[in-house]
Amino acid sequence: MADNLPSEFDVIVIGTGLPESIIAAACSRSGLRVLHVDSRNYYGGNWASFSFSGILSWLKEYQENSDIVNESPTWQEQILENEEAIALSRKDKTIQHVEVFCYASQDLHEDVEEAGALQKNHASVISGNPTEAAHSAYQPSEDESLCTVSCEMPTEQTPSSDQETALEINDVEVTGENEKHYDDKTRVKSASEEETSENVPTAEDTALQPKKNRITYSQIIKEGRRFNIDLVSKLLYSRGLLIDLLIKSNVSRYAEFKNITRILAFREGRVEQVPCSRADVFNSKQLTMVEKRMLMKFLTFCMEYEKHPDEYKAYEEITFSEYLKTQKLTPNLQYFVLHSIAMTSETASNTVDGLKATKNFLHCLGRYGNTPFLFPLYGQGELPQCFCRMCAVFGGIYCLRHSVQCLVVDKESRKCKAIIDQFGQRIISKHFLVEDSYFSENTCSHVQYRQISRSVLITDRSVLKTDSDQQISILTVPGEEPGTFAVRVIELCPSTMTCMKGTYLVHLTCTTSKTAREDLEPVVQKLFTPYTETEIENEEVEKPRLLWALYFNMRDSSDVSRNSYNNLPSNVYVCSGPDCGLGNDNAVKQAERLFQLICPNEDFCPPPPNPEDIIIDGDSLQSETSEFSVIPEANSETPKESTSLGNPEETSQ
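Since the structure is predicted, the reported quantities are computational estimates derived from the model, not experimental observations.

Asks: For this particular structure, what's the right way to read the overall build of the protein chain?
Replies: Counting secondary structure elements, the protein chain contains 16 helices and 25 strands. Taking all 653 residues of the protein chain together, 59% fall into the buried category.

Asks: What am I meant to see in the packing of helix 7 (residues 241–249) against helix 13 (residues 382–393) here?
Replies: For any two helices packed against each other, one specifies the inter-axial angle together with the distance between the axes. Closest axis-to-axis distance for the helix 7/helix 13 pair is 12 Å, and the angle between their directions is 30°. When the axes of helix 7 and helix 13 are compared, the pair comes out roughly parallel. You can see that helix 7 and helix 13 cross each other, and the crossing is left-handed. Touching Leu242, Leu245, Leu246 and Ser249 of helix 7 are Leu383, Phe387 and Met390, all from helix 13. Among the residues forming the contact of helix 7 with helix 13, the class breakdown is 6 nonpolar, 1 polar and no charged.

Asks: I'm lost on the nonpolar core in this one. Help?
Replies: What tends to happen in soluble globular proteins is that the nonpolar side chains get buried as a cluster. In terms of nonpolar packing, the biggest core is built from 99 residues, with Phe52, Ile55, Trp58, Phe298 and Trp548 touching the most fellow members. Per element, the largest residue contribution to this core is 8 residues, and it comes from strand 24 (residues 545–556). Core analysis: the second largest hydrophobic core is formed by 47 residues, Val11, Cys388, Ala392 and Tyr398 among them.

Asks: In this structure, what is going on with the sheet that holds strand 4 (residues 83–87)? I would like to understand it.
Replies: By definition, the strands of a sheet pair up through backbone hydrogen bonds, in either a parallel or an antiparallel sense. Pairing within the open sheet is antiparallel, and its 4 strands lie in the order 4-15-16-17. On the outer flanks of this sheet lie strand 4 and strand 17 (426–428), each paired with one strand and no other. Between one strand axis and the next, the sheet turns by 30° as a mean value, whatever way the strands run. In this sheet, strand 17 lies alongside strand 16 (residues 416–421) in antiparallel orientation, the contact comprising 3 bridges. Paired with Ala418 across the bridge in strand 17 is Ile428.

Asks: What am I meant to see in helix 13 here?
Replies: Each turn of an α-helix holds 3.6 residues, which means side chains three or four residues apart point in the same direction. Compared with the 16 Å implied by 1.5 Å per residue over 12 residues, the 17 Å span of helix 13 between its first and last C-alpha is a close match. Burial of helix 13 is extensive: 10 of the 12 residues sit out of reach of the surface. Where helix 13 is concerned, the buried positions are Glu382, Leu383, Pro384, Gln385, Cys386, Phe387, Cys388, Met390, Cys391 and Ala392. A positive backbone phi angle near 105° is found at Gly395, which sits one or two residues after helix 13.

Asks: So what exactly am I meant to see when it comes to empty space enclosed by the protein here?
Replies: Applying the stated criterion across every chain, the model contains 3 cavities of 30 Å³ or more. Empty space within the second largest cavity amounts to approximately 60 Å³. Taken together, 13 residues make up the lining of the second largest cavity; nearest its centre are Glu20, Gly45, Asn46, Trp47 and Glu435. Considering only residue class, the lining of the second largest cavity consists of 2 nonpolar, 8 polar and 3 charged.

Asks: What's the story with helix 12 (residues 351–364) in this structure? I'm lost.
Replies: Look at helix 12: 20 Å from first C-alpha to last across 14 residues, which is about the 20 Å you get at 1.5 Å a residue. If you check the start of helix 12, you find a side-chain oxygen 3.2 Å away from the backbone N of Val352, and it comes from Asn350. Just downstream of helix 12 lies Gly366, where phi reads positive at about 85°.

Asks: Honestly, the packing of aromatic side chains in this entry has me stumped. Any pointers?
Replies: Aromatic ring pairs are reported here in terms of the distance separating the ring centres and the angle at which the planes meet. On inspection of all chains with the given rule, the structure shows 18 aromatic pairs. Judged by centre distance (5.0 Å) and plane angle (65°), the rings of Phe52 and Trp548 are edge-to-face. Taken together, the residues Phe52 in helix 2 (residues 52–63) and Trp548 in strand 24 connect sequence positions 496 residues apart. Each member of the pair, Phe52 together with Trp548, is buried.

Asks: I'm lost on the environment of Arg278 in this one. Help?
Replies: With respect to the secondary-structure elements, Arg278 resides in helix 8 (residues 278–283). Considering only alpha carbons, one finds Arg278 and Leu365, 87 residues apart in sequence, at a separation of 9.9 Å.

Asks: For this particular structure, what's the right way to read the side chain of Ser21?
Replies: Within the secondary structure, Ser21 sits in helix 1 (residues 18–29). Given a relative accessible area of 0%, Ser21 falls into the buried group. Within polar-contact distance, the side chain of Ser21 engages the backbone oxygen of Thr16 at 3.2 Å. Setting aside its immediate chain neighbours within four residues, Ser21 contacts Thr16, His36, Pro384, Phe387 and Cys388.

Asks: Hey, could you run me through the pattern of salt bridges in this one?
Replies: A full pass over the atoms with the stated rule returns 23 salt bridges. For Lys417, the salt bridge identified is with Glu83, shortest N-O distance 2.9 Å. Of this pair, Lys417 sits in strand 16 while Glu83 sits in strand 4, and the two are 334 residues apart along the sequence. The exposure class of Lys417 is partly exposed, given its relative accessible area of 28%. Its relative accessible area of 4% is what places Glu83 among the buried residues. Between Arg517 and Glu521 there is a salt bridge; the shortest N-O distance is 3.2 Å. One end of the pair, Arg517, and the other, Glu521, are both in helix 14 (residues 516–527), 4 residues apart, so they sit about a helical turn from each other. Of the two residues, Arg517 and Glu521, both sit in the buried class. Overlapping salt bridges bring together Asp10, Arg33 and Lys430 as one network.

Rules of the game
- Residues numbered from 1 in each chain as written.
- Predicted model: local features only at pLDDT ≥ 70, side-chain atom pairs only at ≥ 80, totals over all residues.
- Heavy atoms only, no water.
- Helix = DSSP H or I, 4+ residues; strand = E, 2+ residues; numbered from the N terminus.
- Buried < 20%, exposed > 50% of the residue type's maximum accessible area, 1.4 Å probe, protein only.
- Axes fitted to C-alpha atoms, helices over the stretch in contact; angles between N-to-C directions.
- Parallel < 35°, antiparallel > 145°, perpendicular 65-115°, else oblique.
- Left-handed = near helix turned anticlockwise from the far one by under 90°.
- Contact = heavy atoms within 4.5 Å.
- Nonpolar A, V, L, I, M, F, W, Y, C, P; charged D, E, K, R; others polar.
- Core = buried A, V, L, I, M, F, W, Y, C linked by side-chain atoms within 4.5 Å.
- Pairing = 2+ DSSP bridges.
- Expected span 1.5 Å × (residues − 1).
- 1 Å grid on protein atoms, 1.4 Å probe; cavity = no way out; pocket = protein on both sides within 12 Å on 5 of 7 lines; lining within 4 Å.
- Points joined across faces, edges and corners; volume = space filled by probe spheres on them.
- Polar contact = N/O pair within 3.5 Å; in protein donor to acceptor, adjacent residues only side chain to side chain.
- Phe/Tyr/Trp six-rings, centres within 6.5 Å; stacked < 30°, edge-to-face > 60°.
- Salt bridge = Lys/Arg side-chain N within 4 Å of Asp/Glu carboxyl O.

Structure, rendered in structure tokens:
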């Protein structure tokens, strides 16, 4: 592949996360020659989505990535006397403290295979006896449970881009590259199994219990391609910067979205729905008539709070939580506004921050549905691919599984002049954008990173059962102890194309204070019941059953100053990974800022030319119903009620 690459570009982008993909699309749209490479075999980096077998392979990759032996660097021979090299890292250290738990019944058989898999590697076949398979690699104590030691798992790498929407760009077939088969089996277990093993049934006890048609681990494996598991959990504000960019650039045609249907709150040990629109407030049975009037009056003020500075100026120095107590709101309403509408910290957010967040929430209501949020079908990992597709349309070249050994810097000018790739090819460019995780420890020795605690759960039903089983919900669980952070919970139903029928995919996110499991497990225990416990009790439970759980910590480099990196040339720009925020505004702001440094006088992602403008003769059949439309999915299961991002001028308010 390297022999076929041109030797010179205007911009080289290393990493395919959301900020890098937006910048690549913007540069390509402005007529620059763009090379976009990634050492991974999938798009998105830490913004990616995976099928179930894909996430297992991703886990194995991080486990086996601990000790990489550096081969003799032949690229050093290409460095001239007037040059120096900035070596790039071959190991991704952005993910830590990975723990996996399987609670579903593990009645696996030799013929279990992921539905739609292209091929079957016999070395990856699940063992006929999961208990023996687990014991073959690890001998747990007698009272340790199957829920803390997962069985042998298939390890095909199948990210979300294996869907029908997979990109095929510049003769690089993404679907083929995204298929990765391992000959070795893998087993993921908790690092602290013994701490959680008390009073949990043994394998023999579990096997004797009736199944009651519950979802098993073999079913999850077989339907693995119906899962699209995001590494980062975010939503799109309907009037946020990313939605505006998708519409402006017409990239929205490459994706479909669903509206979040419910805003939930967790109070006094139970989950309840929060009324946020005018109709919801007046239809609510949770609020008294007096509370409804109080809430509507306060929300009306928040929409125009900047016009009434006298009503909040005196409270600017106190927290938003304290300010709400002065506004004649009941404790019930204060809780709803703070945690479910403003979604701000009880201790860290001041009055102005809270009012601004509340106004933004209300401003986004009603554009596409009864909540302010949208979610992309097939997961967050679709968004980087959409911008990669735009970049390719305008001439960008893509190479996955293509690592860069080093950046070549001219000693005299202190400018980066080229890269040397894994094949030893020197590729010249004027500008270089590098995702943070590619820098070596030498470059990042003075960088202080924050961490994000993440958990992904597969459950058998919603946290708040209603008549409809197609609810998409967001829930905030405030921290109970000082020093702990609120946990954001996003629950996705099968119509989002992220999980199999009969299950829900639940994402938990918070700022890290300990490990991901220590931060998030208390919230998981409040909302869900492990499958093994319900098997023993043999009775109906109020909480949803937990079938599978993944915990991990992810690096947050969003607030790192460029000056923190050692000796970076001025034409090397750093792109950060995902932040802990709910929206994507930080990624869009970062992309636009870096684009303006490269192309100071260019428009950022302008609309593409209208094909109708270049039609010369005759009438043409319109292939799209509007200027901003959505390409329909070939998959017949795509929900009919999915949202098209329309022209903001035509959208209902």
